[in-house]
Amino acid sequence: LTQILIPLKQHVGAPCKGIVQAGDQVQRGQLIAEPNGLGANIHASFSGKVVDVDGENIVLTIDEEQDFSTFVPIPETDSHAKAVEAAGIVGAGGAGFPTFLKLACEIPEGLFIANGAECEALLAHNVKQMSEHIEQLIRGMKYCMEMTKAPKGVIAVKGKHRMLVTRLLKAVDNEPTLDVYQLPDIYPAGDERMIVREVMDIVLEPGQLPTEVGAVIDNVETIKRIAEAIEDRKPFIDKDVTVSGRVKQKETVFVDVPIGTPVKTLINNVGGYVEPHGEIVIGGPMTGRSGDEMTPITKTSGGVLVAMPFPQESRKVGLLICECGGSAERMTEIANNMGAEVVAAERCKRMVEVNGRYRCALPGICPGQAATVMSLKKQGAEVVLTGSCSD
């Protein structure tokens, strides 16, 4: 591990602008890129020398000796919100929205919700973090409640994690402003609109934001990074990641992996592949994307999943596109890798168009798809590939 990539786009919005140049020596924690419009600061997660800054990455040759217990602290700030902004925190659950913007609202009669749904199968790092660092989660929630003026906070977690639920309930026993809500074990339980529907009994319209009904929702790892920024002045330079699938040790959680670490390093650390293996998926099985051994961990990488080799299907495939799961691009990629021919595509009837993008009308409540399947069949499909469907 001598050269690593730190991507300039680890958030929604445009890629950041590098503020270092080839030849510069950087320290872990040093600010190396700033937002170019909507975005979040990026800091060096290793100490080393800048080799190149292109439009997509900052390339570092890293020092042989690394001390991951230290970092350049973010500057002192006059508010917690400014610390969150300086630290470059974005939604660590995969959305990558800049957190300081999300917290820049006041909900004096509302609710701050810690999203611990661990929405996708195989991922385990949020549950591990909640289990081991309940006090930090509670402190982090209180900072978020203070910033948004939310009088109440709720930890949303799947009820199936019984031991964790018991421990969380005990921990909030002496916290009059905090509560625990048990989510059902369905996909996509971590979707913000589904969480609002479950916890607050309010159905948000597609495109409507939780803040419109007095809710602010942050993933539990995002809250961990907020607590670190405020208490330790630590920038967002490390990420919790689950490695699973066709590897020797399944569902291994790595805590605080320096951003930029190639996924091959993590795969080696769990004993390597179980053969035969197929593609490497970065993220969860539903919304993840295809990567390779050199793909770097970013602020939004939740999982490194090694799949089975694709079964070979030389048949005609119809795609049933779902807003909550596999996109048309991802499913087309899967179908092509299976040697199949995509002959038709239909959207789930729950999908509605809002401001030029499709959204699910009721996440987690899948409708019957008979008409859609018949339509795909009429167009020549012999088999159907679905993005996500509980029906």
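Structural data are supplied above this passage.
As a starting point, this report considers the structure included with it. On a predicted model such as this, the values are computed, not experimentally measured, just so you know. (Residues numbered from 1 in each chain as written. Predicted model: local features only at pLDDT ≥ 70, side-chain atom pairs only at ≥ 80, totals over all residues. Heavy atoms only, no water.)

Let us now look at the overall build of the protein. When helices and strands are tallied, the protein shows ten helices and 21 strands. A globule of 391 residues ought to have a C-alpha radius of gyration of about 21 Å, and the protein, at 21 Å, matches this closely. Across its three principal directions, the C-alpha atoms of the protein cover 65 × 50 × 40 Å. Within the span of the protein, comprising 391 residues, buried residues form 50% of the whole. Counting only carbon and sulfur atoms, one obtains 51% of the accessible surface of the protein, whose full area is about 17400 Å². Computed over 39 positive and 51 negative side-chain charges, the inter-centroid distance for the protein is 5 Å. (Helix = DSSP H or I, 4+ residues; strand = E, 2+ residues; numbered from the N terminus. Rg over C-alpha atoms; globule rule 2.2 N^0.38 Å. Buried < 20%, exposed > 50% of the residue type's maximum accessible area, 1.4 Å probe, protein only. Areas by Shrake-Rupley, 256 points an atom, 1.4 Å probe, with all protein chains shown as cover. Lys, Arg positive; Asp, Glu negative; His and termini not counted. Charge placed at Lys NZ, Arg CZ, Asp CG, Glu CD.)

Let us look at the pairing of strand β10 (residues 178-183). Where strand β9 (residues 152-158) and β10 come together, six bridges link them in parallel fashion. The residue of β10 that forms the bridge with Val 154 is Asp 179. (Pairing = 2+ DSSP bridges.)

Its place among the elements puts Thr 252 in strand β13 (residues 252-258). We classify Thr 252 as buried; its relative accessible area is 16%. Engagement of the side chain of Thr 252 in a polar contact is seen with the backbone oxygen of Gln 249, the distance being 3.1 Å. When near neighbours in sequence (up to four residues on either side) are disregarded, Thr 252 contacts Val 241, Thr 242, Val 243 and Val 270. (Polar contact = N/O pair within 3.5 Å; in protein donor to acceptor, adjacent residues only side chain to side chain. Contact = heavy atoms within 4.5 Å.)

So, about the pattern of salt bridges. Considering all chains together, one arrives at 22 salt bridges under this definition. Here Glu 192 ties to Lys 102 by a salt bridge, and the two come within 2.7 Å at their closest N and O atoms. Taken as a pair, Glu 192 in helix α6 (residues 192-200) and Lys 102 in helix α2 (residues 99-102) lie far apart in primary sequence, 90 residues in all. Between Asp 256 and Lys 224 there is a salt bridge whose closest N-O contact spans 3.4 Å. Separated by 32 residues along the polypeptide, Asp 256 in strand β13 and Lys 224 in helix α7 (residues 220-232) bring together distant segments of the chain. (Salt bridge = Lys/Arg side-chain N within 4 Å of Asp/Glu carboxyl O.)

Below, the discussion takes up the sheet that holds strand β15 (residues 289-291). Note: strands within a sheet are paired through backbone hydrogen bonds, in either parallel or antiparallel orientation. In space, the five strands of this open sheet follow the order β13-β12-β16-β14-β15, with mixed pairing throughout. Strand pairing shows two members of the sheet lacking a second neighbour, β13 and β15, which therefore form its edges. Neighbour to neighbour, the strand axes of the sheet diverge by 30 degrees on average, direction disregarded. Of the pairings in the sheet, the one linking strand β14 (residues 280-282) to β15 comprises three bridges and is antiparallel in character. By the bridge assignment, Ile 282 is partnered in β15 with Arg 289. Of the strands in this sheet, β12 (238-245) and β13 are in contact with α7, which crosses β12 at around 150 degrees. (Axes fitted to C-alpha atoms, helices over the stretch in contact; angles between N-to-C directions.)

Among the structural elements, Ser 131 can be located in helix α3 (residues 125-132). Here Val 127 takes part through its backbone oxygen, which lies 2.7 Å from a polar atom of the side chain of Ser 131. Beyond its immediate sequence surroundings of up to four residues, Ser 131 is in contact with Leu 164 and Arg 167.

Moving on: the packing of aromatic side chains. With the rule as written, the count across this model stands at one aromatic pair. On the numbers, 5.6 Å between centres and 80 degrees between planes, the contact of Phe 46 with Phe 68 is edge-to-face. Of this pair, Phe 46 sits in the loop between β5 (42-43) and β6 (48-53) while Phe 68 is found in the loop between β7 (57-62) and α1 (80-86), placing the two residues 22 residues apart along the sequence. With a relative accessible area of 3%, Phe 46 lands in the buried category. A relative accessible area of 39% places Phe 68 in the partly exposed class. (Phe/Tyr/Trp six-rings, centres within 6.5 Å; stacked < 30°, edge-to-face > 60°.)

Moving on, we get to empty space enclosed by the protein. Here the structure, examined in full by the defined rule, presents one cavity of 30 Å³ or more. The computed volume of the largest cavity comes to approximately 40 Å³. Lining the largest cavity we find Lys 128, Gln 129, Glu 132, His 133, Lys 224, Asp 240 and Val 255. The element best represented in the lining of the largest cavity is α3, accounting for three residues. Its residues assigned to classes, the lining of the largest cavity shows one nonpolar, two polar and four charged. (1 Å grid on protein atoms, 1.4 Å probe; cavity = no way out; pocket = protein on both sides within 12 Å on 5 of 7 lines; lining within 4 Å. Points joined across faces, edges and corners; volume = space filled by probe spheres on them. Nonpolar A, V, L, I, M, F, W, Y, C, P; charged D, E, K, R; others polar.)

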